[in-house]
Amino acid sequence: MSQYIERYQRRKLISSYFSVVLSIALVLFLLGVLGLLVLNTKKLADHFKEQITISVFLKDNAKPVEIDQLQKSLALAEYTKTAEYISKEDAAEQYSEDIGENFVEFLGYNPLQNSIDIHLKADFVSPEQIEQIAGDLASKTYVEEVSYDKPLIELLNDNARKISLWILVACAIFTVIAVLLINSSIRLSIYSKRFIIKTMQMVGATKTFIRRPFIWTNIKLGMVGAVVALIALGILIYYINKNFPELNLFSEYMILIFLFVGVFGLGVIISWASTHFATQRFLNLRTDDLYY
């Protein structure tokens, strides 16, 4: 009978530890995902900004030396990420593939123009800077027109600011929720041992002596939960980087190290604080109050 009770108590203890570790791991994983978004918000915004294209359409009488000089000067400009020359023949071929028919044969001539497509660096993608760049390019005598999607640029900049703000707000909210959830899990595990705590206190054990094993046990559970969360987070980062290599998440190791250390440290700190205050609460209760 005693062996059965001992096995039952051991299973109950393991189940309690498992629930604490699982809740800590899940919460820390969500926090890690949010932290990854916060730390890479600018990189994500920059990625989309650098997809914006400025098309410089050239006049038919533009000389090859002028075109070559313009392309080289654009390639060396501080605001340029890439500058690609597209001949009217290449543009017509691409457009024919898009619409599924040869419009040049239908019209009898090629109405398109030679052009240079420019992708700007993210720091220069703002309505004011692009307008200035477009104005400088349009002033050249052999440039017919400079075209870009102005409403899209304004929308992209506004949304980037809004998304950054809301990600920070969501991170703050989830941090509070994480603290509350982990605290509740640890309090429930300590609640089942409230009579042991009060018994130790009644036989003369100090509060520090009583708290120490509970704090150490839950810190270890917090560390295990943090490791589980970090493994899951690492798998997620690897998957994202594999499917979206343009984000290049592994290029900045310091950001990932900071994120992993932050998640691990948060799990330890929350576990310590929650255990400390939970045991303190039961230590301060009267014996009669333990039954409620």
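Structure: above.
Note that the coordinates shown come from a computational prediction; the quantities given were computed from them, not determined experimentally. (Residues numbered from 1 in each chain as written. Predicted model: local features only at pLDDT ≥ 70, side-chain atom pairs only at ≥ 80, totals over all residues. Heavy atoms only, no water.)

S.K.: An account of the packing of helix 6 (residues 127-138) against helix 7 (residues 150-191) is requested, with residue identities and associated values reported.
M.R.: Between helix 6 and helix 7, whose axes approach to 10 Å, the crossing angle comes to 150°. In terms of axis orientation, helix 6 runs roughly antiparallel to helix 7. Between helix 6, through Pro 127, Ile 130 and Glu 131, and helix 7, the contact on the second element is made entirely by Lys 150, Ile 153, Glu 154 and Asn 157. Class assignment of the residues belonging to the contact of helix 6 with helix 7 gives a composition of three nonpolar, one polar and three charged. (Axes fitted to C-alpha atoms, helices over the stretch in contact; angles between N-to-C directions. Helix = DSSP H or I, 4+ residues; strand = E, 2+ residues; numbered from the N terminus. Parallel < 35°, antiparallel > 145°, perpendicular 65-115°, else oblique. Contact = heavy atoms within 4.5 Å. Nonpolar A, V, L, I, M, F, W, Y, C, P; charged D, E, K, R; others polar.)

S.K.: Pulling in residues and values, what's your account of the nonpolar core?
M.R.: Generally speaking, soluble globular proteins have nonpolar side chains that are buried together. Among the nonpolar cores identified, the biggest contains 29 residues, and Leu 28, Ile 182, Ile 190, Ile 197, Ile 210 and Ile 237 are the most heavily contacted of them. Looking at this core, the elements with two or more residues in it are helix 1 (2-39), helix 7, helix 9 (207-243) and helix 10 (253-284). The dominant element in this core, judged by the number of residues it contributes, is helix 9, at eight residues. Ile 190 has contacts with Ile 197, Phe 214, Asn 218, Thr 275, Ala 278, Thr 279 and Phe 282, leaving out every residue within four places of it along the chain. Counting residues in each nonpolar core, the second largest holds 25 residues, with Ala 77, Tyr 79, Ala 83 and Val 146 among its members. (Core = buried A, V, L, I, M, F, W, Y, C linked by side-chain atoms within 4.5 Å. Buried < 20%, exposed > 50% of the residue type's maximum accessible area, 1.4 Å probe, protein only.)

S.K.: Can you explain helix 3 (residues 64-76)? Please cite residues and give values.
M.R.: Here helix 3 spans 18 Å end to end across 13 residues, near enough to the 18 Å set by a 1.5 Å rise per residue. Regarding helix 3, the residues found buried are Ile 67, Leu 70 and Leu 74. The arc that holds every buried residue of helix 3, seen down its axis, measures 65°, which confines them to one face. Looking at helix 3, the residues exposed on the side facing more than 90 degrees away from the buried face are Pro 64, Val 65, Gln 69, Lys 72 and Leu 76. Of the surrounding elements, those touching the buried residues of helix 3 are strand 1 (53-58), strand 2 (80-86), strand 3 (115-120), helix 6 and strand 4 (143-147). (Expected span 1.5 Å × (residues − 1). Arc of directions from axis to C-beta.)

S.K.: Can you explain the pattern of salt bridges? Please cite residues and give values.
M.R.: Pairs can form between side chains of opposite charge whenever their charged atoms are close. According to the stated counting rule, one finds three salt bridges in the structure shown. Where Lys 81 meets Glu 50, a salt bridge forms, and the shortest distance between an N and an O atom there is 2.8 Å. Separated by 31 residues along the polypeptide, Lys 81 in strand 2 and Glu 50 in the loop between helix 2 (41-49) and strand 1 bring together distant segments of the chain. Looking at Glu 50, the relative accessible area reads 19%, which means it is buried. Close ionic contact of Asp 68 with Lys 72 constitutes a salt bridge, the shortest N to O distance being 3.3 Å. Taken together, the positions of Asp 68 and Lys 72, both in helix 3 and four residues apart, correspond to about one turn of that helix. (Salt bridge = Lys/Arg side-chain N within 4 Å of Asp/Glu carboxyl O.)

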